[in-house]
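# Reading the structure
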Amino acid sequence: MSRTRIRAEDLFCTRCGRALRPGANRWPEGYICQRCMTRALEIYGTCRGCGIERLTPGLAPDGGKLCTDCAGGLGDFFCEQCGQEARRYRRGICGRCVLTERLREILDDGTGSVRAELLPLFDALRQMKRPWGGMTWTGHPHVQRNLRALARDEVPLTHDGLSQLTPWRSVAYLRDLLMQTGVLPPADRQLLLFQRWLAEKLPAVGDTDHRRLLGLFAAWHIQRRLRTLAGRGPLTSDQIRQARDEIRLATSFLNHLAQRGRGLAACTQADVDTWYAGGYTVRRLTHAFLRWAMRAKHAPALVVPHRSTSNPAPIAQHQRLALLRQTVNREDVPCRDRVAAVLVLLYAQPLTRIVRLTTEDILHEDGEVLVRLGDPPSPVPEPFAGLMLAYLNERPNTMTATKPAARWLFPGRRAGQPMTSKTLELRLRRLGFPTQRGRTAAIRHLVLQAPAPVIARMLGYHDDTTAQLAAEAGGTWQHYAPGDHTR
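Residues numbered from 1 in each chain as written. Predicted model: local features only at pLDDT ≥ 70, side-chain atom pairs only at ≥ 80, totals over all residues. Heavy atoms only, no water.

### Thoughts on the overall build of the protein chain
- For the protein chain, the helix and strand inventory stands at 21 helices and 11 strands.
- Along the three orthogonal principal directions, the C-alpha set of the protein chain runs to about 95 × 75 × 50 Å.
- Counting the 487 residues in the protein chain, one finds 43% classified as buried.
- Considering only residue pairs separated by 6 or more positions, the protein chain has 52% of its internal contacts joining residues 24 or more positions apart.
- A total of about 26200 Å² of accessible surface is found on the protein chain, and carbon and sulfur atoms cover 51% of it.
- Taking the average place of the 70 positive charges on the side chains of the protein chain and the average place of its 45 negative ones, the gap between the two points comes to 6 Å. (Helix = DSSP H or I, 4+ residues; strand = E, 2+ residues; numbered from the N terminus. Buried < 20%, exposed > 50% of the residue type's maximum accessible area, 1.4 Å probe, protein only. Contact = heavy atoms within 4.5 Å. Areas by Shrake-Rupley, 256 points an atom, 1.4 Å probe, with all protein chains shown as cover. Lys, Arg positive; Asp, Glu negative; His and termini not counted. Charge placed at Lys NZ, Arg CZ, Asp CG, Glu CD.)

This is the structure:
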């Protein structure tokens, strides 16, 4: 009696179609890759076969979820320690129990117990839906070192204390977790990151006079502005990026003067003109430093050149409509990117505002879908309404301890933080999506369809902005006489 052997080139995952190596896992439905198996063992719900709420890694012929018994015996996944059904990682113990054991050891305050102040962090990490992510994170030596330092009070459990730890990216992630769980009081993470960057940047400036001027500029102009903005709402990554660029360009301008044998106090108009002649667009942010220096009497009165940096020409209306059709029909594009594209092309929203939207801003009332961008909320037409509702149920980055109840429409990877506008811009750019030109086309089309003040209130724009755009687009609404025109 002969056995049929499967060639390596004919071995594929029955779920995703990925090529497999001999010896791959085999379930009743067929061979399955490690990624699909891991994902399946994280799915809980009502079994299509027996109707019991439990782990449902199996697939029914109609695509429904099946428990391990109804799927034909996928294996025993009951944890020998807690009794819950989940993927087992070692010695018959599930990932949550393994993670709990590790956290108890790392967060031990020296008495055999988790430090009381860190109990909220301990509970959040061990209860995460995907414990493998927590095991990977806590497995890094620098993470264990920092957590032990906090648990044993070697470093104060404060924002200033965290600033003593390294590396800064890992510390920033830890800080977000501590604020998310209530261990640390809320603070603007972007402002803290800028202060950390500035503390490293200034000592690296070799010239003493330059370092003093940059320190004054950072303290009395940049940080003052950032604190004012932070008082109105969370700072964005774009605002911090601008602040860093202003420091970098101020440093480069001072070096430019030094090469010409002058200090800032002896700066001439020719020095300024030569500086901007090297590239006005990339050096435009030097404006802030020069104007501050003149106000503070560190530089003589000079003329700062100004050139128009207006937005590029908008795309044509037929191109905008073609892109909207693509957002509906292109199934190969992630739903997240398609929803973002709709918000740009249909409602002329900038990416900085899109990433600050929350799930509460998507309203589903009386069979109608609305998006709250201004007052009143804007209706979402089909088929975009269905796309929006589908995305709400499959938002990414919601399975870890950083996002136990993420409210952001576009959750980021850091605790309590949305995706950055830069990340979203890069994703859309890779798809060939013209965000700025598409947004300009959308707002110009909208102000031609309705009065500018109405568009401004619904989409969160300023009245003056929409009025100016309407005038540039040739709108005629401002010529209509006020009053009731229904008679």
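Read on for the rest.
### Observations regarding the pattern of salt bridges
- The tally for this structure, following the rule as stated, stands at 22 salt bridges.
- Of the charged contacts, one joins Asp 69 and Arg 54 as a salt bridge, the two residues approaching to 3.1 Å between their closest N and O atoms. With Asp 69 in the loop between β6 (65–66) and β7 (88–90) and Arg 54 in strand β4 (residues 53–55), the pair connects residues that are 15 residues apart, well separated along the chain.
- The exposure class assigned to Asp 69 is exposed, which follows from its relative accessible area of 56%.
- Close ionic contact of Glu 117 with Arg 115 constitutes a salt bridge, the shortest N to O distance being 3.1 Å.
- Take Glu 117: its relative accessible area is 43%, and that puts it in the partly exposed class.
- Salt bridges sharing common partners tie together Arg 54, Asp 69 and Glu 85. (Salt bridge = Lys/Arg side-chain N within 4 Å of Asp/Glu carboxyl O.)

### So, the nonpolar core
- The biggest cluster of nonpolar side chains holds 47 residues, and the ones touching the most others in it are Val 339, Leu 343, Tyr 347, Phe 410, Ile 443 and Leu 459.
- It is helix α15 (residues 335–347) that contributes the most residues to this core, 10 residues altogether. (Core = buried A, V, L, I, M, F, W, Y, C linked by side-chain atoms within 4.5 Å.)

### Considerations on helix α9 (residues 208–232)
- Counted at 1.5 Å a residue, the expected span for α9 with its 25 residues is 36 Å, and the 35 Å between its end C-alpha atoms agrees.
- Maximal helix bending in α9 amounts to about 40 degrees, located at Ala 218.
- Of all the residues in α9, the buried ones are His 210, Leu 213, Leu 214, Phe 217, Ala 218, His 221, Ile 222, Gln 223 and Leu 226.
- The inward-facing, buried residues of α9 contact α8 (189–201), α10 (237–259) and α13 (286–295). (Expected span 1.5 Å × (residues − 1). Bend = angle between axes of the 7 residues up to and from the residue.)

### A closer look at the packing of aromatic side chains
- This model, assessed by the stated rule, comprises nine aromatic pairs.
- When the ring of Phe 253 is compared with that of Trp 275, the centres are 5.6 Å apart and the planes differ by 75 degrees; the resulting orientation is edge-to-face. You can see Phe 253 sitting in helix α10 and its partner Trp 275 sitting in helix α11 (residues 269–277), a full 22 residues away along the chain. Across this residue pair, the class does not change: Phe 253 and Trp 275 are buried.
- The structure contains a cluster of three or more aromatic residues connected by ring pairs, namely Phe 217, Phe 289 and Trp 292.
- The ring of Trp 168 is capped by Arg 196, whose NZ or CZ atom sits 4.0 Å from the centre of that ring.
- Above the ring of Trp 408, the side-chain terminus of Arg 407 is found at 5.1 Å from the ring centroid. (Phe/Tyr/Trp six-rings, centres within 6.5 Å; stacked < 30°, edge-to-face > 60°. Lys NZ or Arg CZ within 6 Å of the ring centre and 35° of its normal.)

### Overview of the packing of helix α5 (residues 141–151) against helix α7 (residues 168–180)
- The geometry of α5 relative to α7 is characterised by a closest axis approach of 11 Å and an angle of 50 degrees between their N-to-C directions. For the element pair α5 / α7, the angle class is oblique. Remark: the crossing between α5 and α7 carries right-handed chirality. Residues His 142, Val 143, Asn 146, Leu 147 and Leu 150 of α5 form the contact with α7, whose own contacting residues are Ser 170, Val 171, Leu 174 and Leu 178.
- Residues that form the contact of α5 with α7 fall into these classes: six nonpolar, three polar and no charged. (Axes fitted to C-alpha atoms, helices over the stretch in contact; angles between N-to-C directions. Parallel < 35°, antiparallel > 145°, perpendicular 65-115°, else oblique. Left-handed = near helix turned anticlockwise from the far one by under 90°. Nonpolar A, V, L, I, M, F, W, Y, C, P; charged D, E, K, R; others polar.)

### Structural notes on the sheet that holds strand β11 (residues 378–379)
- Strand order in this open sheet of three strands is β9-β10-β11, and the pairing throughout is antiparallel. Two strands bound the open sheet, and with one partner strand each, they are β9 (362–365) and β11.
- In terms of strand pairing, strand β10 (residues 368–371) meets β11 through two bridges, oriented antiparallel. Pairing of Val 371 across the sheet is with Ser 378, part of β11. (Pairing = 2+ DSSP bridges.)

### A word on unusual backbone geometry
- Residue Asp 375 is joined to Pro 376 through a cis peptide bond whose omega torsion reads 5 degrees.
- As for its position among the elements, Pro 376 is in the loop between β10 and β11.
- Cis peptide bonds are those with omega within 30 degrees of zero, and the linkage from Glu 382 to Pro 383 qualifies with 5 degrees.
- A positive phi angle, close to 60 degrees, is found at Asp 153, a residue other than glycine.
- Summarising the element assignment, Asp 153 is placed in the loop between α5 and α6 (159–162).
- Backbone geometry at Ala 348 places phi at a positive 55 degrees, although glycine is not the residue there.
- One can find Ala 348 in the loop between α15 and α16 (351–354).

### Some remarks on the packing of α15 against helix α18 (residues 421–430)
- Packing of α15 against α18 brings their axes to within 10 Å, and their N-to-C directions diverge by 95 degrees. By the angle class used here, α15 and α18 are roughly perpendicular. The residues of α18 that touch α15, namely those facing Arg 336, Asp 337 and Ala 340, are Leu 424, Arg 427 and Leu 428.
- Residues belonging to the contact of α15 with α18 are distributed by class as follows: three nonpolar, no polar and three charged.

### Notes on the confidence of the model for the protein chain
- Looking at the protein chain as a whole, the pLDDT averages 87, with 92% of positions reaching at least 70.
- In the model of the protein chain, helix α21 (residues 463–473) stands out as the element of lowest mean pLDDT, 72, in contrast to α13, which has the highest, 96. (pLDDT = per-residue confidence, 0-100.)

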